[in-house]
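Structural characterization, general
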Amino acid sequence: MPGYTVNPFVDGFQETPAGPVPRVKTSLGPADHLGTIRARTGIAGNQYKINPGLYCAGNPSSHSPVLVTANYKLSFDSLRKELSNLDAWILVADTRGINVWCAAGKKTFSADEIALQVKRAKLSAIVSHRQLILPQFAAIGVAAHTLQKKCGFNGVFGPLRAADIPRFMKNGRQADEPMRTVTFTVTERSLLVPVEICMLWKVFFLVVPGLFILSGIGPDIFSFKACVERGLTAVGATVTAILAGSMLTPILLPWIPGRQFWLKGLLTGGVMGLAFIFLVNDQAGVMEKGSLWLWVVAIASYTGMNFTGATPFTSLSGVEKEMQRGLPVQFGGALLAIVLWIVAPFVN
Amino acid sequence: MKEFRYIDGAAILKLNEEACVGCGNCVTVCPHRIFALHDKKAGIVDYDACMECGACANNCPVAAIYVNPDDGCGCAAYIINSWISKVTGKRVNMFNN
């Protein structure tokens, strides 16, 4: 059709009684990898999606399974790259470009949405069976037992991870306990670090000018030299804190003692803060060093606590509980650090 | 996920065993495997592993499960914004905080 282009992940079309269905590649190309990097760093923003609807992999027939997923491109990619030895239909729900779990959490990935896509794709004319294989993570939003009434198809929960789809199919569409259990491996945690850090850019660039201005205040009212020198030290401490809270805390998560994230961030920040004041600036007095250390601890505790939003095991009730304890400490610590930082030049 | 434990006693999760019909949907969908079926009734076997995702409640055909309904799979920044929005009445956009 005029004006249309074929997505780079499509390598042909399968004829069906309901018209042609795009066949997807089951390996990822350079464009996919580049897109993954953009999404993982937050550069792509929230716009990394594909058109919802029916796709297929291999050479599916009317008996082939129907796998349901979200229209976030990373979700779609993680599914299709597992299908190299399978003939399957892929029904992509319109989740506004959000991944399976989060979209289900916000109820955009729902039984209604799946039913809509089933009808839109005329799925009942394409397959002879009446079964949809749903990602287990969709269960927060998709009440599988209501699908039958809404679209004539039954929903069956497949494994949590797309990587287990081949094993699930081989097992006679049965998921074992490991397939149904969420994991949070060091690799999975590391993949979340870039977005954690990139989400802080906006605040970081708001804070940095403030740090420089505060650093210049002294007995001479305002010293440009102090503004630059002490300002850089303060920015260095801030970067150290972000690395402690948003990188080290997530990666070392199970090995840092304690359960509450604000405490884990506090510990990591404490150690990194000590390292920072030992390594940087011998001329700094005790008060300045104390201020820098407090600053690192407070910010690392906050950024560490912020990671609760990315884990697959923290309950909202628990997060609210720990925030009520953590926030006063973090806020008080940061405030005290700023006061000490301003007062220090007058005392020296 | 036995290697990660969060705050004990925090999760809001209630199972009405009398209403339970023993379909096993909750056992299937829970990503933390906290339910088990005994004598055709679901039971909670690992309460403190609950992360309040709500998959069990959503897939219970007889509404026998209650989970903290607050829609809050969010980071600290999101939760702060939602606290603020309770005061100001403004809606929070999950992805622009």
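Reading guide: rules and limits
- Residues numbered from 1 in each chain as written.
- Chains lettered and ligands numbered in written order.
- Predicted model: local features only at pLDDT ≥ 70, side-chain atom pairs only at ≥ 80, totals over all residues.
- Heavy atoms only, no water.
- Domains from an automatic or database assignment.
- Buried area = accessible area lost by both parts, 1.4 Å probe.
- Helix = DSSP H or I, 4+ residues; strand = E, 2+ residues; numbered from the N terminus.
- Nonpolar A, V, L, I, M, F, W, Y, C, P; charged D, E, K, R; others polar.
- Disulfide = S-S within 2.5 Å.
- Buried < 20%, exposed > 50% of the residue type's maximum accessible area, 1.4 Å probe, protein only.
- Phe/Tyr/Trp six-rings, centres within 6.5 Å; stacked < 30°, edge-to-face > 60°.

Residue and element names in this part refer to chain A. According to the domain assignment, chain A contains domain 1 (10–180) and domain 2 (186–347). The centre of domain 1, based on its C-alpha atoms, is set 41 Å off from the matching centre of domain 2. Buried area between domain 1 and domain 2, summed over both chains or domains, comes out near 440 Å², and the portion from carbon and sulfur atoms is 63%. Together, Arg40, Thr41 and Trp101 form the three largest contributors to the area buried by domain 1 at its contact with domain 2, with a combined 87%. Counting residues per element, the side of domain 1 that touches domain 2 draws most heavily on helix α1 (residues 30–41), at 3 residues. By residue class, the composition of the side of domain 1 that touches domain 2 is 2 nonpolar, 2 polar and 2 charged.

A few words on the state of the cysteines. Cysteine pairs can be linked by a disulfide, which is a covalent bond between their two sulfur atoms. Residues and elements named next belong to chain B. According to the stated counting rule, one finds 0 disulfides over all chains in the structure shown. In this structure Cys26 is a free cysteine whose sulfur lies 6.3 Å from that of Cys20, the closest cysteine sulfur available. Not part of a disulfide, Cys50 finds its nearest cysteine sulfur in Cys56, a span of 6.4 Å. A residue is classified by how much of its surface remains accessible, and Cys50, at 11% relative accessible area, is buried.

So, about the packing of aromatic side chains. Residue and element names in this part refer to chain A. Under the counting rule described, the total for this entry stands at 15 aromatic pairs over all chains. Summarising the aromatic geometry, the rings of Phe9 and Phe76 are spaced 5.2 Å apart at their centres and angled 65° between planes, so their arrangement reads as edge-to-face. In this pair, Phe9 sits in the segment before β1 (10–14) while Phe76 sits in helix α2 (residues 73–80), placing the two residues 67 residues apart along the sequence. We classify Phe76 as buried; its relative accessible area is 0%. Between Phe261 and Phe313, the ring centres sit 6.0 Å apart and the planes meet at 40°, which makes this aromatic pair tilted. With Phe261 in helix α12 (residues 261–279) and Phe313 in the loop between α13 (286–306) and α14 (316–347), the pair connects residues that are 52 residues apart, well separated along the chain. The class of Phe261 is buried, set by a relative accessible area of 0%.

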